[in-house]
Amino acid sequence: MAILPILRFPDPRLHTVARPVQVVDERIRALVDDMLQTMYGSDGVGLAATQVDVHERLIVMDTSEQHNQPLVLINPEIVRRSAEMAVNEEGCLSVPQIYDKVERHARVTVRALGRDGEPFEFDAEGLAAVCVQHEMDHLMGRVFVEYLSPLKRDRIRTKMLKKTREEQRDSKPRA
């Protein structure tokens, strides 16, 4: 297993629409394991393959208190959404240290394949509903900051670009 590099907003690769996984094989299971290790190592509750520059419809998440109930969603689709909406504060591993309020459906029903390739369906509410909708946005090439005003989005873009430049400068060897 390996910790994978996470793309950071405004990297244009985050806007790539993911294609369906054709076959759940050892390559996909190895990617799942690496994504779980990456998510846990980054203190995240969800990670989409798009965020690690793999543009296939795959999500890992774990919204449990003890972070010991990983959920693997291959080719996920939302089959039902509640009419009720809820506003929650969200963050993102691709937009570190930025949090803001986003409105999403309060409850969703999701159908997907598991790590074993078998289909399953589940209902999500609360943090799990927020997480699955957030990660599915990534599979569609959308980052949560796109729900924010253009002014906020531009400020975040500027902040993230500055942070990336500083990190690149600090990582260069000095003579």
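Residues numbered from 1 in each chain as written. Predicted model: local features only at pLDDT ≥ 70, side-chain atom pairs only at ≥ 80, totals over all residues. Heavy atoms only, no water.

Draft legend 1. Layout of the overall build of the protein. Counting its secondary structure elements, the protein contains 3 helices and 7 strands. Going from the N terminus to the C terminus, the protein shows its helices and strands as α-β-β-β-β-β-β-β-α-α. Here the protein has a C-alpha radius of gyration of 16 Å; the compact-globule value for 175 residues is 16 Å, and the two agree. By its C-alpha atoms, the protein is 55 × 40 × 30 Å across when sized along the principal axes. In the protein, which comprises 175 residues, the share counted as buried stands at 43%. For the protein, long-range pairs separated by at least 24 residues make up 66% of all intrachain contacts whose partners lie at least 6 apart in sequence. Surface accessibility of the protein: about 9700 Å² in total, with carbon and sulfur atoms responsible for 50%. Computed over 25 positive and 28 negative side-chain charges, the inter-centroid distance for the protein is 8 Å. (Helix = DSSP H or I, 4+ residues; strand = E, 2+ residues; numbered from the N terminus. Rg over C-alpha atoms; globule rule 2.2 N^0.38 Å. Buried < 20%, exposed > 50% of the residue type's maximum accessible area, 1.4 Å probe, protein only. Contact = heavy atoms within 4.5 Å. Areas by Shrake-Rupley, 256 points an atom, 1.4 Å probe, with all protein chains shown as cover. Lys, Arg positive; Asp, Glu negative; His and termini not counted. Charge placed at Lys NZ, Arg CZ, Asp CG, Glu CD.)

Draft legend 2. Quick look at the environment of Arg 8. Among the structural elements, Arg 8 can be located in the segment before α1 (26-41). As a C-alpha pair, Arg 8 and Cys 131 span 123 residues in sequence and 18 Å in three-dimensional space. Filtering out sequence-adjacent residues up to four positions away, Arg 8 remains in contact with Leu 14, Ser 94, Pro 96, Met 160, Lys 163, Thr 164 and Glu 167. Of the polar contacts made by the side chain of Arg 8, one reaches the side chain of Glu 167; its length is 2.9 Å. (Polar contact = N/O pair within 3.5 Å; in protein donor to acceptor, adjacent residues only side chain to side chain.)

Draft legend 3. Local environment of the packing of aromatic side chains. What the rule picks out here adds up to 1 aromatic pair. For the pair Phe 120 and Phe 122, a centre-to-centre distance of 5.9 Å together with 20° between the ring planes defines the contact as stacked. For Phe 120, a relative accessible area of 26% gives the class partly exposed. Taking the relative accessible area as the measure of exposure, Phe 122 reaches 15% and is therefore buried. Lying over the aromatic face of Tyr 147, Arg 142 brings its terminal NZ or CZ to 4.1 Å of the ring centre. (Phe/Tyr/Trp six-rings, centres within 6.5 Å; stacked < 30°, edge-to-face > 60°. Lys NZ or Arg CZ within 6 Å of the ring centre and 35° of its normal.)

Draft legend 4. Highlighting unusual backbone geometry. The residue after Phe 9, namely Pro 10, is reached through a cis peptide bond having omega 10°. Relative to the helices and strands, Pro 10 resides in the segment before α1. Located in the positive-phi region is His 67, a residue other than glycine, with phi close to 55°. Looking at the secondary structure, you find His 67 in the loop between β2 (58-61) and β3 (71-81). With a phi angle near 65°, Gln 97 is a residue other than glycine that sits in the positive phi range.

Draft legend 5. Layout of the nonpolar core. Grouped together as the largest cluster of nonpolar side chains are 17 residues, with contacts concentrated most on Ile 59, Met 61, Leu 73, Val 108, Val 110, Ala 124 and Val 132. Residue assignment for this core shows that the elements contributing at least two residues are β2, β3, β6 (107-113), β7 (119-125) and α2 (127-139). When residues in this core are grouped by element, the largest group, 6 residues, is from α2. Apart from residues no more than four positions distant in its own chain, Leu 73 is found in contact with Arg 57, Leu 58, Ile 59, Met 61, Ala 112, Leu 113, Phe 120, Phe 122 and Val 132. Listed in part, the 15 residues of the second largest apolar core include Val 32, Met 35, Ala 49 and Val 72. (Core = buried A, V, L, I, M, F, W, Y, C linked by side-chain atoms within 4.5 Å.)

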